[in-house]
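Here's the letter readout for the chains.
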Amino acid sequence: MTSHALLRFLQNYAVLIMIVVLIIGLSFLSDSFFTFRNLLNILNQNAPLAIMAAAMTLVIIAGGFDLSVGSIFAMGAVCSAWIALHVDPYLGLLLAPVIGLALGTVNGVVITTLKVHSFLATIATSLIFKGIAIVLSDGKLIPVRMAEFTWLGRDRIGGVFIAVWVMVAFAVILTFVLNRTVFGRKVFSVGGNEEAAILSGIRTNRIKIATFSIAGLAAGLASAIAVSRISMGQASAGTGMELQAIAAVILGGTSIYGGVGAVWRSIAGVLLLALINNGFNILNADPFYRDLTTGLVILAAIGISAGGKQR
Amino acid sequence: MNSDEPGKPAIRAEGIGVSFAGVSVLRDVTLDILPGEIHGLVGENGAGKSTLGKVLGGYYTASQGKMEVFGRAAVGWDPHTALANGIAMMHQELQLVPALTVAQNVFLGIEEHQWGVLRTSEAARLEELMKSSGFSLDPHAVVSELSIADQQKIEILRALARDAKVIVMDEPTSSLSKSEVDQLHDSMRNLRAEGRTVIYVSHFLDDILAVTDRITVLRDGDHVMTAATEGLSKSDLVASMLGGGKTETPYPEKSPPKTSEIVLEARHLSSAAGAQDATLTIGRGEIVGLIGLVGSGRSEIVRAIIGADASTSGELVLDGEPYTDRTVAKSNERGLVMVPEDRRKQGLIMTMPVRANMSLPHLKNLSSYGVVKSTDERKRAVELIDHFQVRPAAVDGDVSNYSGGNQQKVLIGKWLMESPRVVILDEPSRGVDVGARQRIHEAIAELAASGAAILLVSSEIDEVLGLAHRAYLIDRGSIVEEIDPSENDEASVLSALFHHQSANHAKSLNESSE
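Quick caveat: nothing in here was measured; it's all calculated off a predicted structure.

Rules used throughout
- Residues numbered from 1 in each chain as written.
- Chains lettered and ligands numbered in written order.
- Predicted model: local features only at pLDDT ≥ 70, side-chain atom pairs only at ≥ 80, totals over all residues.
- Helix = DSSP H or I, 4+ residues; strand = E, 2+ residues; numbered from the N terminus.
- Rg over C-alpha atoms; globule rule 2.2 N^0.38 Å.
- Contact = placed C-beta atoms within 7 Å.
- Pairing = 2+ DSSP bridges.
- Axes fitted to C-alpha atoms, helices over the stretch in contact; angles between N-to-C directions.
- Buried ≥ 20, exposed ≤ 12 C-beta atoms within 10 Å, placed from the backbone.
- Core = buried A, V, L, I, M, F, W, Y, C linked by C-beta atoms within 7 Å.
- Nonpolar A, V, L, I, M, F, W, Y, C, P; charged D, E, K, R; others polar.
- Left-handed = near helix turned anticlockwise from the far one by under 90°.
- Parallel < 35°, antiparallel > 145°, perpendicular 65-115°, else oblique.
- Bend = angle between axes of the 7 residues up to and from the residue.
- Expected span 1.5 Å × (residues − 1).
- pLDDT = per-residue confidence, 0-100.

Draft legend 1. The arrangement of the overall build of chain A in detail. Summing up its helical and strand segments, chain A has 13 helices and four strands in all. In summary, chain A has a C-alpha radius of gyration of 20 Å against a globular reference of 19 Å for 311 residues, a match within 12%. Oriented by its inertia axes, the alpha-carbon framework of chain A measures out at about 65 × 60 × 35 Å. Summarising the internal contacts of chain A: among those between residues at least 6 apart in sequence, 80% fall at separations of at least 24.

Draft legend 2. Inspection of the overall build of chain B at higher detail. Secondary structure summary: chain B contains 17 helices and 24 strands in total. Expected size for 514 residues packed as a compact globule is a radius of gyration near 24 Å; at 25 Å, chain B falls within 12% of this value. Viewed in the frame of its principal axes, chain B has a C-alpha envelope of about 75 × 65 × 50 Å. In chain B, the proportion of contacts linking residues at least 24 apart, taken out of those at least 6 apart, comes to 68%.

Draft legend 3. Inspection of the environment of Ala275 of chain B at higher detail. Residue and element names in this part refer to chain B. As for its position among the elements, Ala275 is in the loop between β13 (262-271) and β14 (278-283). Residues Ala275 and Thr312, spaced 37 residues apart in sequence, show a C-alpha to C-alpha distance of 9.3 Å. Every residue in contact with Ala275, bar those within four places of it in the chain, is listed here: Leu269, Ser270, Gly297, Glu300, Ile301, Ala304 and Gly477.

Draft legend 4. Representation of the sheet that holds strand β17 (residues 321-322) of chain B. Residue and element names in this part refer to chain B. Within the open sheet, the four strands sit side by side as β14-β13-β16-β17. Their pairing is antiparallel. Each of the sheet's edge strands pairs with one partner strand only, and the pair in question is β14 and β17. Sheet topology places β13 next to β14; five bridges connect them, and they run antiparallel. Across the sheet, the residue bridging to Leu269 is Ala278, located in β14. In the packing of helix α9 (residues 298-306) onto the sheet, the strands contacted are β13, β14 and β16 (311-318), and the crossing angle to β13 comes to about 115 degrees.

Draft legend 5. Quick look at the pairing of β16 of chain B. All names here are of chain B. Here β13 pairs with β16 via six bridges, running antiparallel. Directly across from Ala266, in β16, lies its bridge partner Leu316. Looking at chain direction, β16 and β17 are connected through two bridges and run antiparallel. When the bridges of β17 are listed, Leu318 appears paired with Glu321. Connecting β16 to the next strand, β17, in antiparallel fashion are two residues, including Asp319 with a positive phi near 55 degrees.

Draft legend 6. Just unusual backbone geometry, in detail. Residues and elements named next belong to chain B. With an omega of -5 degrees, the peptide bond between Arg391 and Pro392 qualifies as cis. Structurally, Pro392 can be placed in the loop between α13 (374-388) and α14 (404-416). A positive phi angle, near 50 degrees, is found at Phe70, a position not held by glycine. Take Phe70: it is sitting in the loop between β4 (64-69) and β5 (72-73). Assessed through the 19 C-beta atoms surrounding it within 10 Å, Phe70 is described here as partly exposed. Positive phi values are uncommon outside glycine, yet Glu171 reaches one of about 45 degrees. One can find Glu171 in the loop between β9 (166-170) and α6 (178-193). Under the C-beta neighbour-count criterion, Glu171 is labelled partly exposed, with 19 such atoms within 10 Å.

Draft legend 7. Highlighting the nonpolar core. Counting 174 residues, the largest nonpolar core has Met52 of chain A together with Ile454 of chain B as the members making the most contacts within it. Setting aside anything within four residues of it in sequence, one finds Ile454 of chain B in contact with Glu286, Ile287, Val288, Val423, Leu425, Ile444, Leu447 and Ala448 of chain B. In this structure, Ala82, Phe107, Ala159 and Met169 of chain B belong to the second largest nonpolar core, which totals 61 residues.

Draft legend 8. Geometry of the interface of chain A and chain B. At the interface, 21 residues of chain A touch 25 residues of chain B. Of the residues forming the side of chain A that touches chain B, the biggest block, six residues, is contributed by helix α8 (residues 182-192) of chain A. Grouping the amino acids of the side of chain A that touches chain B by side-chain chemistry returns eight nonpolar, eight polar and five charged.

Draft legend 9. Here's a closer look at the pairing of β9 of chain B. All names here are of chain B. With five of its five residues buried, β9 lies for the most part within the structure. Covered by surrounding structure in β9 are Val166, Val168 and Asp170 together with Ile167 and Met169, the residues of both alternating faces. Both β9 and strand β10 (residues 197-201) contribute to a ladder of five bridges, which runs parallel. In the strand pairing of β10, Val166 is matched with Thr197.

Draft legend 10. Focus on the packing of helix α2 (residues 36-61) of chain A against helix α12 (residues 263-282) of chain A. Residues and elements named next belong to chain A. Between α2 and α12, the shortest axis-to-axis distance is 8 Å and the interhelical angle comes to 145 degrees. Where α2 crosses over α12, the handedness of that crossing is right-handed. Across the interface between the two elements, Ile42, Asn46, Leu49, Ala50, Ala53, Ala54, Met56 and Thr57 from α2 touch Val263, Ser266, Ile267, Gly269, Val270, Ala274, Leu275 and Asn278 from α12. Of the residues assigned to the contact of α2 with α12, the class counts are 11 nonpolar, five polar and no charged.

Draft legend 11. Examining the sheet that holds strand β18 (residues 336-339) of chain B more closely. All names here are of chain B. Overall, mixed pairing links the six strands, which are arranged β18-β21-β22-β15-β23-β24 in an open sheet. A single partner strand is all that each edge strand has here, and the edge strands are β18 and β24 (478-483). Between one strand and the next, the sheet's axes are offset by a mean angle of 20 degrees, whatever the strand orientation. Here strand β23 (residues 470-475) pairs with β24 via five bridges, running antiparallel. Residue pairing in the sheet places Ala471 in a bridge with Ile483 of β24. Contacting β15 (287-292), β21 (422-426) and β22 (453-457), helix α15 (residues 434-449) crosses the sheet at an angle of about 150 degrees to β22.

Draft legend 12. The arrangement of the packing of helix α3 (residues 69-86) of chain A against helix α11 (residues 241-252) of chain A in detail. All names here are of chain A. The contact between α3 and α11 brings their axes to 6 Å, and the two run at 130 degrees. Taken together, the axes of α3 and α11 are oblique relative to one another. Two secondary-structure elements touch here, α3 through Val69, Gly70 and Phe73 and α11 through Met241, Glu242 and Ala245. Of the residues that constitute the contact of α3 with α11, the class distribution is four nonpolar, one polar and one charged.

Draft legend 13. Layout of the environment of Val263 of chain A. Residues and elements named next belong to chain A. Tracing the sequence through the fold places Val263 in helix α12. The exposure class of Val263 is buried, given the 28 C-beta atoms found within 10 Å. In the structure, Val263 is positioned 242 residues away from Val21 in sequence and 21 Å away in space, judged by C-alpha atoms. For Val263, the residues in contact, after removing those within four places along its chain, are Ala54, Thr57, Ala171, Leu174, Thr175 and Leu178.

Draft legend 14. Spotlight on α2 of chain A. By the largest-angle criterion, Ala47 of chain A marks the main kink of α2 of chain A, which is about 55 degrees, and a proline, Pro48 of chain A, follows within four residues. Once α2 of chain A finishes, Gly63 of chain A follows within two positions and takes phi at roughly 90 degrees, a positive value.

Draft legend 15. Summary view of α14 of chain B. All names here are of chain B. An ideal rise of 1.5 Å per residue puts 18 Å on 13 residues; α14 measures up with 18 Å between its terminal C-alpha atoms. For α14, the buried fraction is high: 11 of the 13 residues fall into the buried class. On its buried face, α14 sits against β18, α11 (343-347), α12 (354-359), α13, β21 and α15.

Draft legend 16. Spatial organisation of the confidence of the model for chain B. Per-chain confidence: chain B averages 87 in pLDDT, with 94% of residues scoring 70 or above. If you check the scores for this complex, the pTM reads 0.78 and the ipTM reads 0.88.

Draft legend 17. Inspection of the environment of Leu316 of chain B at higher detail. All names here are of chain B. Here Leu316 lies in strand β16. When the 21 C-beta atoms within 10 Å are taken as the criterion, Leu316 is described as buried. Sequence spacing of Leu316 and Arg326 is 10 residues, and the spatial spacing of their C-alpha atoms is 9.1 Å. With residues near it in sequence (within four places) discarded, Leu316 still touches Ala266, Leu269, Ile305, Tyr323 and Arg326.

Now the structure itself:
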């Protein structure tokens, strides 16, 4: 009984426990780790990924996968930089999420009308979006050195980076949407049992499209923050972020089979990955071991959550 | 066949107990299973009959007690050692490889080979095996194209190929038609004639009584009795399954509809999925039954009515007005709802709590500006839980851990939350225990008495006759006859169905030869 309860506890809070262990360990190993400055930097650096992972949680809970968010990020980066440079910097920042929303909706419509698995469809759209971004930018960097553009990624409010505030607000809103609204309930039902959801009168395709739209919106928002920070847009931005986002979601304990999960879990997953990274930097550890360590940690987390599924 | 001396048990269980996560599901079962007998295991859902079967087959480990198999202590008992000691298990869900042939499935894992290269002797080996055991199947037929009854024969042959002396069959008849059940019973008798033992786990008491030599009854994890089948009646079994000496639960009183007002009328409804020119009416306060053999198209007709399948022709009139372009969502809004037949696949969302399952179709009315009003939601869920006596009575209960009967109550409750006008119930009491079945029947009668129009689909003829005011007989997706349940019994309905079936068959043969 107690071992069962312990296993359950571990399953539910494996990421949090790992985070706490890492924080304690790193605090002992290095004086510069447990400082407001370092912790805030970790959050700030990972705000774009956290925003994407939060939205990816909805896609995965609804039973989907989105491998195109990295490319949507690239589109957002190129478009916002170009518009900022040629039209208006504020408009550039504003349009990135809008473009992301549109591309995400395209994903959703393609998946539901062609009735193909989202995994396949988003591999294809990922190449298409990336291709468009390359063509639009002519393969070049688009530098935007204007304070009207870089405030979003660099400025602070109340001592904390705006990017962190945006991330927190986004995560809180998605948590509310998922847990308190009719839409959120439908997202869980589509991923939990699509046939039962259809027979309950839910238009499941609309729900799926909406999750992809939100994932696109998040990728666009994340790209606006990132481009604003480095004051440069390029088509190679966001490469690999889709896999990092998915890894963070799964690391957090959201089921890849759909129907269960939470936004905070994915944020925690992002933090865990970030802490491992930060630990390597702070301790001056051999970076050759970074991927190896990250992989082992992900495997351990998956092992814990799979462990309890057997009777 | 069996070299053991007569009277010596094939399996001797002493004080077997099983608990899962600290919850005891089987206690102190002491039982001898004899060689060459068909031994029935019965009990309500949750009584532990399947659990006991799985302990014998090595799928569950007993937490207490010990077991002897053919005189040897069974230690480290798992499916593999059980099989090595002559005990095979046939699961409710058949464990066959659909794309392989009969012979390949039978010899899966014990193929004859030379340095890994298969020999071509499988068909011949299978013929020999079938000759000695009285089965006949085409060795080269692909499994996915066979009926479930034939697939079960493959499972049995597979056990025989491994020289199993005891075969545990866990609810083998739940998806079989009547004639397929008879075939399976014949197979069991064949096995017995060879001196093998069959352990038959089922909740169909008539089946158990028809074929077994001895019966063991379990109740709430306790061993109630083991007795010779001869001299036992269905009511004896029900009484010992239920405890308090109750006889088989009667159906609730039928209250005749107060008006003759027609609520729903289907006219010549057809669908690509299998409804064929179906015409029927349901009145206010009326329970109308649909009776058909397995595969007769009962579910297809109701799916066409509700809009889950698109209709190709015909029309539906709801409250006197034609209702076209039906979808499940629109039907819900108009108070036309369906409780689907398969609660796991079509009904419940196992990853969501009881409350969220119940409110799912009604979120529009339980929210403001898209935000779920959780106080209202809880209140409504609590009312339904009380009304149906769902156990455990937890609003946030994890429905995936509930018994079949309680899951079914949650499912029916889900559809009754908004007092619908027309309720289609597809197999409302399939795989539920006696207590839940009774509560569900009462709820159906109450619902009709309150003025709802009810269409009841069930493969248990008895259930339809016991509850419905009128009933339609179904064959090949169309309605072939209307009957009065009070003037019919199970036997007369069955013979009528078989009569229509052969008439239809002859008709289609004529059509195809023309």
